[in-house]
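Okay, here's what each chain looks like letter by letter:
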Amino acid sequence: MIQMTSEAKRVEELRRLLQQASYAYYVLDAPVMEDTVYDRLYRELQELETKYPDLVTPDSPTQRVGERPATHFTSVRHNIPLYSLENAFNVEELQGWEQRWRRHLTPQYSPVEVDYVAELKIDGAALALTYQNGVLVRGATRGDGVMGEDITQNVRTIRSIPLRLNFDGLENIEKVEVRGEVFLPLEVFKQINEKRQKAGEQLFANPRNAVAGTLRQLDSRIVAQRQLDFFAYTLHIPGMDDASIANTQWEALELLQRLGFRVDTNHRLCHSIREVAEYYQYWDTERLNSPYMTDGVVVKLNTFKLQEQLGFTQKFPRWAIALKYAAEEAPTRVENITVNV
Ligand SMILES: CC(C)(CNC(=O)c1ccc(Oc2ccccc2)cc1)c1ccc2c(N)nc(N)nc2n1
């Protein structure tokens, strides 16, 4: 064991303190440290890392913002495909989906009572994260579900995405794949458009376009200023079948929180399609007060056993459906869009 110099000990202590403060602030929405204290400790860490560059590690808070713009993004293959969801536009179509998955199961196995997880469908962009020995090694766009773009440098600037997983109390898992949605809170979206209006730049039509436009930025310093946020919703441990770490989607969401991810707390465990329909109707009005845009509810059969029995069609999982709301996006008024001529 190499003797840790006092600087190395201090760097490690600063990293731990700053990561805990950042996790509390961005993931738990419960700050534990004054901004001025955070900034002072951050500057001390930067000075020590500049003085002793070999003490820098990829999960250091100072490594969230890249120093120079990328020239392009490389295309990468997802280890596990990202499937898209079949749509339903009302409760009748939701009931149709329930009939279909029940029919698909061999007749002798058609469970009467099943649990569903109802998750808000956030109006952002899907993101696939890969962690190696607990450290974030890749962030990629969905692309066509099989191939996406490597945007790791931009992903590292999203404060609610952990650079290192929190394994405490969990077995150290070599490879972890996490999927979720990058989104922009409405308030931040409005601020970005106000800045663009002042700068005479074209406005983003809606938060989803603003997210897509930001993730395509080659300069991660611009991404860092856009305050993107992230909700995780899928966890895969390649090699171990998902059931060994969690048996249900609900347990997977809890495990994602323990690992250090933000998970939307509006998710609901429903014991019947009727409860799903109630939640869908409740959220249709509730979402108007929400700080971020949602365009539907994603309904999933809760147990992985049932998910595995149902599997996938060519494009969709049979065990999930996106229950959409009527598109309420008021078209952006023309006079608001300045086109750079
Ligand atoms: C259900 C799933 C499609 C994710 N799941 C997967 O992508 C997925 C992929 C391979 C799986 O199993 C395999 C594992 C290894 C090999 C092949 C399949 C299981 C799930 C999905 C898609 C979009 C979502 C969204 N916008 N919001 C929320 N809240 N949830 C969402 N969930």
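Residues numbered from 1 in each chain as written. Predicted model: local features only at pLDDT ≥ 70, side-chain atom pairs only at ≥ 80, totals over all residues. Heavy atoms only, no water.

Chemist: Would you explain helix α9 (residues 273-286) in this entry?
Modeler: Since the α-helix packs 3.6 residues into each turn, any two residues three or four apart lie on the same face. For α9, spanning 14 residues, the distance from its first C-alpha to its last is 20 Å, which sits close to the expected 20 Å at 1.5 Å a residue. When we look at burial in α9, the residues that qualify are Ile273, Val276, Ala277, Tyr279, Tyr280 and Trp283. Taken down its axis, α9 places every buried residue within 160° of arc, on the same side. Turned more than 90 degrees away from the buried face of α9, the exposed residues are Arg274 and Thr285. Looking at the buried side of α9, the elements it contacts are α3 (91-104), β3 (116-122), β9 (268-270), β10 (294-301) and β11 (320-324). (Helix = DSSP H or I, 4+ residues; strand = E, 2+ residues; numbered from the N terminus. Expected span 1.5 Å × (residues − 1). Buried < 20%, exposed > 50% of the residue type's maximum accessible area, 1.4 Å probe, protein only. Arc of directions from axis to C-beta. Contact = heavy atoms within 4.5 Å.)

Chemist: Whenever I open this one, the nonpolar core confuses me. Can you help?
Modeler: Soluble globular proteins tend to bury their nonpolar side chains together. Core analysis: the biggest nonpolar cluster contains 38 residues, and Leu129, Ile161, Phe230 and Phe261 have the highest contact counts within it. Going through the elements one at a time, β4 (125-132), β7 (175-183), α5 (186-198), α6 (207-215), β8 (229-236) and α8 (249-259) are the ones with two or more residues in this core. When sequence neighbours within four positions are dropped, the list of residues in contact with Leu129 reads Leu136, Arg138, Gly139, Val155, Ile161, Val176, Glu177, Val178, Phe230 and Phe261. Counting 31 residues, the second-largest nonpolar core is a separate cluster that includes Tyr116, Ala277, Tyr280 and Ile321. (Core = buried A, V, L, I, M, F, W, Y, C linked by side-chain atoms within 4.5 Å.)

Chemist: Honestly, the packing of aromatic side chains in this entry has me stumped. Any pointers?
Modeler: Geometrically, a pair of aromatic rings is defined through the distance of the ring centres and the angle of the planes. One pass over the structure, following the stated rule, counts 14 aromatic pairs. Relative to Tyr116, the ring of Trp97 lies with its centre 6.0 Å away and its plane at 55°, an arrangement referred to as tilted. Taken together, the positions of Trp97 in helix α3 and Tyr116 in strand β3 put the pair 19 residues apart, joining distant regions of the chain. Plain terms: the ring middles of Tyr131 and Phe261 are 5.7 Å apart, the flat faces sit at 85° to each other, and that makes the pair edge-to-face. On the criterion of sequence distance, the pair formed by Tyr131 in strand β4 and Phe261 in the loop between α8 and β9 is long-range, its members being 130 residues apart. Overall, Tyr131 belongs to the buried group, its relative accessible area being 0%. Clustering of aromatic rings is evident, with ring pairs tying together Tyr83, Phe312 and Trp319. Its guanidinium or amino end placed over the ring of Phe204, Arg196 lies 4.1 Å from that ring's centre, counting from NZ or CZ. Its guanidinium or amino end placed over the ring of Tyr282, Arg268 lies 5.7 Å from that ring's centre, counting from NZ or CZ. (Phe/Tyr/Trp six-rings, centres within 6.5 Å; stacked < 30°, edge-to-face > 60°. Lys NZ or Arg CZ within 6 Å of the ring centre and 35° of its normal.)

The analysis is restricted to geometry; functional conclusions fall outside its scope.
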